[in-house]
Amino acid sequence: MKKEELARLQSYLRKTFGATSLEIKPQPKKDDMAEVFINGEFVATLYREVEEGETSYQFQMAILDMDLEGV
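Scope of this entry: the structure provided in the associated data block. What you see is a predicted model, and the numbers here were worked out from it, not measured in a lab. (Residues numbered from 1 in each chain as written. Predicted model: local features only at pLDDT ≥ 70, side-chain atom pairs only at ≥ 80, totals over all residues. Heavy atoms only, no water.)

1. Quick look at the overall build of the chain
Tallying secondary structure elements over the chain gives one helix and four strands in all. The helix and strand sequence of the chain, counted from the amino end, reads α-β-β-β-β. Counting only C-alpha atoms and orienting by the principal axes, one finds that the chain spans roughly 45 × 25 × 25 Å. Partitioning the contacts of the chain with sequence separation of at least 6, the portion at a separation of at least 24 is 18%. Summing over all exposed atoms, the chain offers an accessible surface of approximately 5800 Å²; the carbon and sulfur share of this is 49%. Distance between charge centres in the chain, computed from 9 positive and 14 negative side chains, equals 10 Å. (Helix = DSSP H or I, 4+ residues; strand = E, 2+ residues; numbered from the N terminus. Contact = heavy atoms within 4.5 Å. Areas by Shrake-Rupley, 256 points an atom, 1.4 Å probe, with all protein chains shown as cover. Lys, Arg positive; Asp, Glu negative; His and termini not counted. Charge placed at Lys NZ, Arg CZ, Asp CG, Glu CD.)

Printed below as a string of C-alpha cells:
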C-alpha cells in the first residue's frame, strides 16, 4: 500500500477506535497488506481488496483465550 493510502487508513482507524497511538505499518513483501499496532503492540492485519473496480479493506484481528483472562 502507498504512504498516502496508509495515512488515510491510519487516520480513519484512530478516529473510529479512539486510539491515537494506533499505527499502520506496511508489509514490505506484500503491497496489499499492512500491520496494525496499538502502543507498539501488533493487534491486526489490514488487507486491501479490489473487486470489479471497487476497493475495500479487511481488518482482521485475532483474540486468543489467554487475552481474555482477567477481563
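2. Here's the deal with helix α1 (residues 3–17)
Taking 1.5 Å of rise per residue, the 15 residues of α1 would be expected to cover 21 Å, and the 21 Å separating its terminal C-alpha atoms lies within 8% of that figure. Burial in α1 covers these residues: Glu5, Leu6, Leu9, Gln10 and Leu13. Considered in projection along α1, the buried side chains sweep an arc of 130 degrees and stay on one side of the axis. Exposed positions of α1 whose direction lies more than 90 degrees from the buried face are Lys3, Glu4, Arg8, Tyr12 and Lys15. Looking at the buried positions of α1, the neighbouring elements they touch are β1 (22–26), β2 (33–38), β3 (41–51) and β4 (54–60). (Expected span 1.5 Å × (residues − 1). Buried < 20%, exposed > 50% of the residue type's maximum accessible area, 1.4 Å probe, protein only. Arc of directions from axis to C-beta.)

3. Here's the deal with the sheet that holds β4
Read from one edge to the other, the open sheet built from four strands follows the order β1-β2-β3-β4, with strand pairing classed as antiparallel. Strands at the two margins of the open sheet, each flanked by one partner only, are β1 and β4. In this sheet, neighbouring strand axes are inclined to one another by 25 degrees on average, regardless of whether the strands run parallel or antiparallel. Sheet analysis places β1 next to β2, joined by five bridges and oriented antiparallel. (Pairing = 2+ DSSP bridges. Axes fitted to C-alpha atoms, helices over the stretch in contact; angles between N-to-C directions.)

4. Regarding the environment of Lys3
In this fold, Lys3 is placed in helix α1. Lys3 sits 23 residues away from Pro26 along the chain, and the two C-alpha atoms are 8.4 Å apart.

5. A short note on the packing of aromatic side chains
All chains considered together, the criterion is met by two aromatic pairs. Between the aromatic rings of Phe17 and Phe59, the centroid separation amounts to 5.6 Å while the plane-to-plane angle is 40 degrees, which identifies the pairing as tilted. Of this pair, Phe17 sits in helix α1 while Phe59 is found in strand β4, placing the two residues 42 residues apart along the sequence. Sitting over the ring of Phe37, Lys25 keeps its end group 4.5 Å from the ring centre. (Phe/Tyr/Trp six-rings, centres within 6.5 Å; stacked < 30°, edge-to-face > 60°. Lys NZ or Arg CZ within 6 Å of the ring centre and 35° of its normal.)

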